[in-house]
Amino acid sequence: MKIDLKKLSGVHGSALPFSGSADLSQEMLYGEFPFQTPVQYQGKIVNHLGVLSLQAVVRATYATHCARCFAPLQIPLEAAVQAVLSREDAEEEGVLHIDGDTVEVEDALIPELLLQVRMTYLCKEDCKGLCPVCGVNRNVSVCSCQPKQIDPRLAGLAALLKDKPGQG
């Protein structure tokens, strides 16, 4: 969404509210297309003694899977964005470079939202995951697989430990 900044020039304390949505359904992250619903944002641009500042909140629902049991998850994401609008080329944090008298607010909001995404999510903190042998979800049912699988290449070492007194 492009916003015309001419409406704010010369009027101290004036504010220009905005709101909108962005379609990120084709944005791939970690091998998935997690934004199945539009990203919503709202905010305002304020003129404070000739300095234009952007203040906004961007919200989205991030669709992913549990890293242990692969259960589907819907994670609410939210990012608060505050930036100073500048026509000068500044590589400073919190400064958004603008060309001319318009600003594309999504250029500032969407990257801040994407920074909120973690690489992995869990359905619950104590998720037991999937059984590595049979693949059953250990949160739902208990399988009869051996809890400890001994690597056949190390089976000889297990025999040595059984022969020692006080071990085993």
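Described below are features of the structure shown in this document. (Residues numbered from 1 in each chain as written. Predicted model: local features only at pLDDT ≥ 70, side-chain atom pairs only at ≥ 80, totals over all residues. Heavy atoms only, no water.)

### A short note on the environment of leucine 113
Moving on, step 1. Here leucine 113 is to be found in helix 1 (residues 106–114).
Moving on, step 2. Given a relative accessible area of 0%, leucine 113 falls into the buried group.
Moving on, step 3. Once the C-alpha coordinates of leucine 113 and alanine 80 are considered, the two residues, 33 residues apart in sequence, prove to be 8.5 Å apart.
Moving on, step 4. Setting aside its immediate chain neighbours within four residues, leucine 113 contacts Phe35, Val39, Val58, Ala60, Leu77, Glu78 and Ala79. (Helix = DSSP H or I, 4+ residues; strand = E, 2+ residues; numbered from the N terminus. Buried < 20%, exposed > 50% of the residue type's maximum accessible area, 1.4 Å probe, protein only. Contact = heavy atoms within 4.5 Å.)

### A closer look at the pairing of strand 5 (residues 72–86)
Moving on, step 1. Sheet analysis places strand 4 (residues 51–65) next to strand 5, joined by 14 bridges and oriented antiparallel. When the bridges of strand 5 are listed, threonine 61 appears paired with proline 76. (Pairing = 2+ DSSP bridges.)

### Here we look at unusual backbone geometry
Of all residues except glycine, most have a negative phi; of all peptide bonds, most are trans.
Moving on, step 1. One non-glycine residue, tyrosine 30, adopts positive backbone phi at about 55°.
Moving on, step 2. For tyrosine 30, the location among the structural elements is in the loop between strand 2 (15–22) and strand 3 (39–48).
Moving on, step 3. With relative accessibility at 49%, the residue tyrosine 30 sits in the partly exposed group.
Moving on, step 4. Residue phenylalanine 70 is not a glycine yet carries a positive backbone phi of 65°.

### Points about the packing of aromatic side chains
Moving on, step 1. Within this structure, the stated rule accounts for three aromatic pairs.
Moving on, step 2. Consider the rings of phenylalanine 18 and tyrosine 41, whose centres lie 6.3 Å apart with planes at 55°: the pair is tilted. Here tyrosine 41 lies in strand 3 and phenylalanine 18 lies in strand 2, a separation of 23 residues in the sequence.
Moving on, step 3. Owing to a relative accessible area of 7%, phenylalanine 18 belongs among the buried residues under this scheme.
Moving on, step 4. Aromatic side chains tyrosine 62 and tyrosine 121 sit 5.8 Å apart centroid to centroid with 50° between the ring planes, which places their arrangement in the tilted category. Here tyrosine 62, found in strand 4, pairs with tyrosine 121, found in the loop between helix 1 and helix 2 (155–163); they are 59 residues apart in sequence, far enough to count as distant. (Phe/Tyr/Trp six-rings, centres within 6.5 Å; stacked < 30°, edge-to-face > 60°.)

### Quick look at the side chain of asparagine 137
Moving on, step 1. Among the structural elements, asparagine 137 can be located in the loop between helix 1 and helix 2.
Moving on, step 2. In terms of polar contacts, asparagine 137 uses its side chain to reach the backbone amide nitrogen of asparagine 139, at 2.9 Å.
Moving on, step 3. Excluding residues within four positions of it along the chain, asparagine 137 makes contact with Cys69, Gly129 and Leu130. (Polar contact = N/O pair within 3.5 Å; in protein donor to acceptor, adjacent residues only side chain to side chain.)

### Structural notes on the environment of glutamate 78
Moving on, step 1. Relative to the elements of secondary structure, glutamate 78 occurs in strand 5.
Moving on, step 2. In this structure, the C-alpha to C-alpha distance between glutamate 78 and threonine 61, residues 17 residues apart in sequence, is 8.8 Å.
Moving on, step 3. Only 3.0 Å separates the side chain of glutamate 78 from the side chain of arginine 59, close enough to count as a polar contact.

### Details of the pairing of strand 3
Moving on, step 1. Note: strand 2 against strand 3, eight bridges, orientation antiparallel. Of the residues in strand 3, the one forming a bridge with alanine 22 is valine 39.
Moving on, step 2. By the bridge criterion, nine bridges tie strand 3 to strand 4 in an arrangement that is antiparallel. Bridged to histidine 48 within strand 4 is valine 51.
Moving on, step 3. Joining the antiparallel neighbours strand 3 and strand 4 is a turn of two residues, in which leucine 49 adopts a positive phi near 55°.

### Side note on a nonpolar patch on the surface
Moving on, step 1. A grouping of Leu154, Leu157 and Leu160 is seen on the molecular surface, where their side chains present a nonpolar patch of about 300 Å² in accessible area.
Moving on, step 2. Secondary-structure assignment places leucine 157 in helix 2. (Patch = residues over 30% accessible without salt bridge, like charges linked within 9 Å, V, L, I, M, F, W, Y side chains within 5 Å. Areas by Shrake-Rupley, 256 points an atom, 1.4 Å probe, with all protein chains shown as cover. Salt bridge = Lys/Arg side-chain N within 4 Å of Asp/Glu carboxyl O.)

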